[in-house]
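Chain residues, written in single-letter form:
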Amino acid sequence: MAFTVPPPRSSPEARAHTGDAGGGAVASGAVGAAEATVAAGATGTAGVSDATGIADGTADALARWYERELGWVTAGRAPVRLLTGLRFDVLELPADAGLAVLRRAVRTGPVALAGARMRLLVATGSADELPGLLDWLEWGGVALDLTVLGTGGRITAPAPAGAPESSPGAAFWLRPPAPGHEVEPTLPALAGFGSSGGGAPDLVRLVDAVATECHRVRLSRARMGLLTDGSAAQPLAFS
């Protein structure tokens with residue numbers, strides 16, 4: 001799904017680095033470890049979730065862990081996939097842009113890294129709201145290497161901490177969901193939408209931060225001649 005609107009009236013480079021400094025942020029040490037992981041090829045596991053019961057590393061054990069500990073629906077075994085649009089939607093962006101978002105101390109929900117891409121879990125329905133939200137934030141039509149996964153989508157199940165070491169590029173948690181707890185209250189959502197209470201992270205703040213950092217990364221890559229799509233207006237990708 002692609003759409004085009006006039007570019008922002010003010011330069012995205014001039015936007016202030018604002019955001020919540022609350023409990024959804026990943027600690028600076030975790031961000032530093034993630035940066036090292038990205039530079040080394042994104043291998044290993046980071047986070048604090050308890051992987052008891054999947055030490056054998058089998059796909060069946062991993063699927064059972066997600067279904068038993070989190071109540072999440074899985075599909076497939078090579079690899080195990082998590083279905084989006086049921087308990088959560090996903091914002092996917094370049095890992096370097098995602099790390100910049102985490103350094104801002106913007107409140108997030110669970111966060112995973114998969115190769116060169118970062119995945120931010122957000123409230124269900126966010127995939128449908130994102131185009132209008134980007135328009136409202138004056139990001140509509142700006143080239144952002146940003147993908148959103150909602151109903152019918154799926155992502156590779158990240159390996160919880162303590163699971164056997166994964167192959168290079170395998171998905172793992174930077175900020176894991178808490179086993180035995182509902183994930184919905186921790187997911188960024190619009191006020192009164194997709195959240196069970198008033199304490200959920202703010203989806204508007206998160207999306208604005210994500211768009212800003214995606215744009216910064218794209219500008220940086222353009223200056224270095226690293227863009228390969230040949231377009232100054234890459235459409236926003238939806239799945």
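Source: prediction; values computed, not measured.

(A) Spotlight on the sheet that holds strand β1 (residues 74–75). A sheet is described by the order of its strands in space; here three strands give the open sequence β1-β2-β7, paired in antiparallel fashion. Strand pairing shows two members of the sheet lacking a second neighbour, β1 and β7 (154–156), which therefore form its edges. Here strand β2 (residues 81–83) pairs with β7 via three bridges, running antiparallel. What sits directly across from R81, in β7, is T156.

(B) Up close: the packing of helix α4 (residues 126–136) against helix α5 (residues 203–223). Running from N to C, α4 and α5 point in directions that differ by 70°, and their axes come no closer than 11 Å. Between α4 and α5, the crossing angle belongs to the class labelled roughly perpendicular. In terms of crossing hand, the pair formed by α4 and α5 is right-handed. The segment α4 lies against α5, with S126, L130, L133, L134 and W136 engaging L203, V204, V207 and A211.

(C) Structural context of helix α3 (residues 95–103). For α3, the tally of buried residues reaches seven of nine residues, placing the bulk of the element in the interior. All of the buried residues along α3 are A95, A97, G98, L99, A100, V101 and L102.

(D) Inspection of the packing of aromatic side chains at higher detail. Applying the stated criterion to the full structure yields four aromatic pairs. Judged by centre distance (6.3 Å) and plane angle (70°), the rings of W72 and W173 are edge-to-face. Note that W72 is positioned in the loop between α2 (59–70) and β1 and W173 in strand β8 (residues 172–175), a separation of 101 residues in sequence. Each member of the pair W72 and W173 is classed as buried. In this structure an aromatic cluster arises from ring pairing among W65, Y66, W72, F88 and W173.

(E) Focus on the nonpolar core. Judged by nonpolar contacts, the single largest core of 34 residues is most densely connected at M118, L120, L144, V207 and V210. Going through the elements one at a time, β3 (89–94), α3, β4 (111–114), β5 (117–122), α4, β8 and α5 are the ones with two or more residues in this core. For this core, the element with the most residues is α5, which contributes eight residues. Counting residues in hydrophobic clusters, the runner-up holds 20 residues, among them L62, Y66, A157 and A189.

Rules and cut-offs
Residues numbered from 1 in each chain as written. Predicted model: local features only at pLDDT ≥ 70, side-chain atom pairs only at ≥ 80, totals over all residues. Heavy atoms only, no water. Pairing = 2+ DSSP bridges. Helix = DSSP H or I, 4+ residues; strand = E, 2+ residues; numbered from the N terminus. Axes fitted to C-alpha atoms, helices over the stretch in contact; angles between N-to-C directions. Parallel < 35°, antiparallel > 145°, perpendicular 65-115°, else oblique. Left-handed = near helix turned anticlockwise from the far one by under 90°. Contact = heavy atoms within 4.5 Å. Buried < 20%, exposed > 50% of the residue type's maximum accessible area, 1.4 Å probe, protein only. Phe/Tyr/Trp six-rings, centres within 6.5 Å; stacked < 30°, edge-to-face > 60°. Core = buried A, V, L, I, M, F, W, Y, C linked by side-chain atoms within 4.5 Å.

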